[in-house]
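Letter by letter, the chains look like this.
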Amino acid sequence: MLNQGVLQEFTSIVGQERCKTSREDLLTYAYDAYVHEYVPDAVLFPRTAQEVSQIMKVASANNIFVTPRGAGSGLMAGALAKQGGIVICFTMMNQILEINTANRFAVVEPGVVISEFQKAVERLNLFYPPDPGSATVATMGGAVVMNAGGMRGVKYGVTRDYLLGMEIVLPSGEIMNTGTKTSKDVTGYDLTRLICGSEGTLALVTKIIVRLLPKPKVKRTLQAIYNRIDDAGTTVAKIIEAGIIPATLELMDKMIIKALEDFAHLGLPLDAEALLLMDVDGDPETVEKQAALVADFCKAQGARTVRVSQSEKENDQLWVARRSAFGAVARMRPTCVIEDATVPVSYLTSAIKKVIEISERNRVQIAVLAHAGDGNLHPLVLCDERDKDEMTRVEKAMDEIVDYAMSVGGTLSGEHGIGIAKAKYLPRQLSETSLKMMRSIKKTFDPLGILNPGSFLEYQA
Ligand SMILES: Cc1cc2nc3c(=O)[nH]c(=O)nc-3n(C[C@H](O)[C@H](O)[C@H](O)COP(=O)(O)OP(=O)(O)OC[C@H]3O[C@@H](n4cnc5c(N)ncnc54)[C@H](O)[C@@H]3O)c2cc1C
């Protein structure tokens with residue numbers, strides 16, 4: 001609990017309206033997209049880096065734990081006050097400060113919603129590719145510290161690939177800049193990349209500089225339906241092996257197809273085992289050729305139908321399936337845990353088969369969704385957290401999925417991060433020396449250990 005004196009200091013920085021302490025307000029910020037509840041002692045909504053700095057000075061002087069938060073769409077409990085203290089929510093720092101068309105960069109505050117930013121730059125014929133499934137709610141700040149990936153990773157990479165610099169506030173309250181507005185910069189250590197993916201454990205991001213691309217002139221969406229999921233997996237591997245780089249390459253299995261039909265009635269065939277959704281984009285001639293090539297690949301690998309969109313409107317219609325997938329599946333059981341293990345793409349088919357085998361053997365319901373072109377699996381584990389026996393089997397199934405990914409040279413997490421959900425697996429991928437280096441970096445930034453305590457680095461086996 002915060003004492004009244006400290007609370008008064010916080011209130012004097014942001015005002016009564018932007019310092020929430022009622023039980024109802026605190027409960028609203030006690031969840032993210034993970035399954036646990038952690039109620040903070042207060043939630044503050046700063047509007048400037050100076051306010052963030054003052055808050056951190058008070059927090060440091062009084063040893064108050066601080067958890068940064070964007071939209072709370074993170075899947076690993078990163079935005080939750082796991083050991084109490086205050087939450088600093090960035091949703092009121094939501095201005096696009098500059099879109100520079102001559103030099104193709106933009107400067108934004110951390111609370112800008114990703115899809116709003118994408119629309120703003122697209123109006124100027126520019127393009128910001130990172131596109132997580134949560135883009136209509138997730139913030140630029142949350143995406144930066146999680147190094148969010150998403151649908152277009154296969155061609156365009158992830159958030160890290162577009163970051164040029166940042167303004168950050170250190171736990172001590174000092175304000176600091178990293179990077180520049182230039183496309184090249186090798187001045188000193190690359191602290192921008194260090195903060196990117198740091199899961200809110202090193203510093204608070206108060207301004208972000210990103211590079212932009214010219215907007216692709218045309219996009220075509222293809223939907224291929226398969227009787228056998230193996231054939232869909234093989235199609236993905238063959239497309240990548242052939243050097244064709246679609247902008248997106250998403251896979252959904254039969255459980256997701258069924259959930260989508262129940263939810264959105266899209267006319268998908270319920271007897272199909274898998275669906276691939278792909279975009280190709282670029283210049284009109286190249287796009288036509290690539291779309292035809294990808295369609296041929298799908299047919300050659302046994303797709304029973306391949307639909308190629310003919311308009312922007314049809315692109316959007318085909319994408320409704322993917323955009324609705326999490327929501328549709330999450331309705332099926334009280335709890336939905338999203339896995340994120342990632343394998344080299346040539347192992348995609350074996351990985352999917354392995355997940356199905358693990359699911360059946362452990363009697364756990366798992367639907368498979370994947371950013372397939374990146375080998376990034378999203379097995380959606382459907383369960384009921386109140387059922388102890390079922391949760392023991394879920395734990396075992398998740399354990400086995402992680403082990404499989406490790407055995408083929410994959411990673412614990414392709415994009416959702418580690419948080420508390422996956423902390424126990426860290427030693428399976430990182431050596432004790434790597435962990436020691438990471439802990440000493442954390443100590444340098446945050447010697448008092450007040451920023452996002454209880455995060456992945458503090459897990460002890
Ligand atoms: C339906 C759904 C689909 C998703 N799809 C994808 C996907 O395709 N790809 C993907 O990568 N992720 C995906 N995610 C996960 C999540 O949306 C991303 O991690 C996103 O980047 C989190 O942004 P946020 O604003 O919600 O951050 P939050 O959840 O609020 O916070 C995430 C982390 O960032 C820290 N943080 C937030 N803002 C700041 C700041 N300004 N300074 C310092 N630390 C900060 C928090 O402490 C926390 O550790 C999905 C989630 C859902 C629910």
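Shown above is the structure to which this text applies.
The following paragraphs examine the structure supplied in this document. Quick caveat: nothing in here was measured; it's all calculated off a predicted structure. (Residues numbered from 1 in each chain as written. Predicted model: local features only at pLDDT ≥ 70, side-chain atom pairs only at ≥ 80, totals over all residues. Heavy atoms only, no water.)

What about the sheet that holds strand β5 (residues 96-100)?
Thinking step 1. Taken in spatial order, the 5 strands make up an open sheet running β5-β6-β10-β8-β9, and their pairing is antiparallel. Each edge of the open sheet carries a strand with a single partner, namely β5 and β9 (175-179). With direction set aside, neighbouring strand axes in the sheet form an average angle of 10 degrees.
Thinking step 2. Pairing analysis gives 4 bridges linking strand β6 (residues 105-108) to strand β10 (residues 204-211), with the strands arranged antiparallel. Looking across to β10, one finds that Ala106 is bridged to Val210.
Thinking step 3. This element, helix α3 (residues 49-62), spans β8 (163-169), β9 and β10 of the sheet and lies at about 50 degrees to β8.
Thinking step 4. Most of the contacts of helix α4 (residues 114-122) go to β5, to which it runs at about 35 degrees, and overall it touches β5, β6 and β10. (Pairing = 2+ DSSP bridges. Helix = DSSP H or I, 4+ residues; strand = E, 2+ residues; numbered from the N terminus. Axes fitted to C-alpha atoms, helices over the stretch in contact; angles between N-to-C directions. Contact = heavy atoms within 4.5 Å.)

Some details on the packing of aromatic side chains
Thinking step 1. All chains considered together, the criterion is met by 4 aromatic pairs.
Thinking step 2. A ring pair is formed by Tyr29 and Phe45, whose centres lie 5.7 Å apart and whose planes are at 75 degrees; its orientation type is edge-to-face. Here Tyr29, found in the loop between α2 (23-28) and β2 (42-44), pairs with Phe45, found in the loop between β2 and α3; they are 16 residues apart in sequence, far enough to count as distant. The pair Tyr29 / Phe45 is uniform in exposure class, with both members buried.
Thinking step 3. An angle of 75 degrees between the planes, with centres 6.1 Å apart, marks the rings of Tyr128 and Tyr162 as edge-to-face. Here Tyr162 lies in the loop between α6 (153-156) and β8 and Tyr128 lies in the loop between β7 (126-127) and α5 (140-146), a separation of 34 residues in the sequence. We note that Tyr128, like Tyr162, is buried.
Thinking step 4. The structure contains a cluster of three or more aromatic residues connected by ring pairs, namely Phe117, Tyr128 and Tyr162. (Phe/Tyr/Trp six-rings, centres within 6.5 Å; stacked < 30°, edge-to-face > 60°. Buried < 20%, exposed > 50% of the residue type's maximum accessible area, 1.4 Å probe, protein only.)

Digging into the site of the ligand
Thinking step 1. The environment of the ligand is made up of 36 residues, and the closest members are Pro68, Gly70, Ser73, Ser134 and Thr139.
Thinking step 2. At 3.2 Å, a backbone N or O of Gly78 approaches an oxygen atom of the ligand.
Thinking step 3. His371 is positioned such that a nitrogen or oxygen atom in its side chain is 3.3 Å from an oxygen atom of the ligand.
Thinking step 4. For the shell around the ligand, the secondary-structure elements that each account for two or more residues are β3 (66-69), α5 and β10.
Thinking step 5. The element best represented in the shell around the ligand is α5, accounting for 5 residues. (Near = heavy atom within 4 Å. Polar contact = N/O pair within 3.5 Å; in protein donor to acceptor, adjacent residues only side chain to side chain.)

Some thoughts on the nonpolar core
Thinking step 1. In terms of nonpolar packing, the biggest core is built from 54 residues, with Tyr226, Leu251, Leu276, Met278 and Val294 touching the most fellow members.
Thinking step 2. Broken down by element, this core gets its largest block of residues, 8 residues, from helix α13 (residues 388-407).
Thinking step 3. Excluding residues within four positions of it along the chain, Leu276 makes contact with Leu222, Gln223, Ala224, Tyr226, Ala232, Thr235, Val236, Leu249, Glu250 and Leu251.
Thinking step 4. Formed by 33 residues, the second largest nonpolar core is a distinct cluster that contains Ala106, Leu126, Val145 and Phe445. (Core = buried A, V, L, I, M, F, W, Y, C linked by side-chain atoms within 4.5 Å.)

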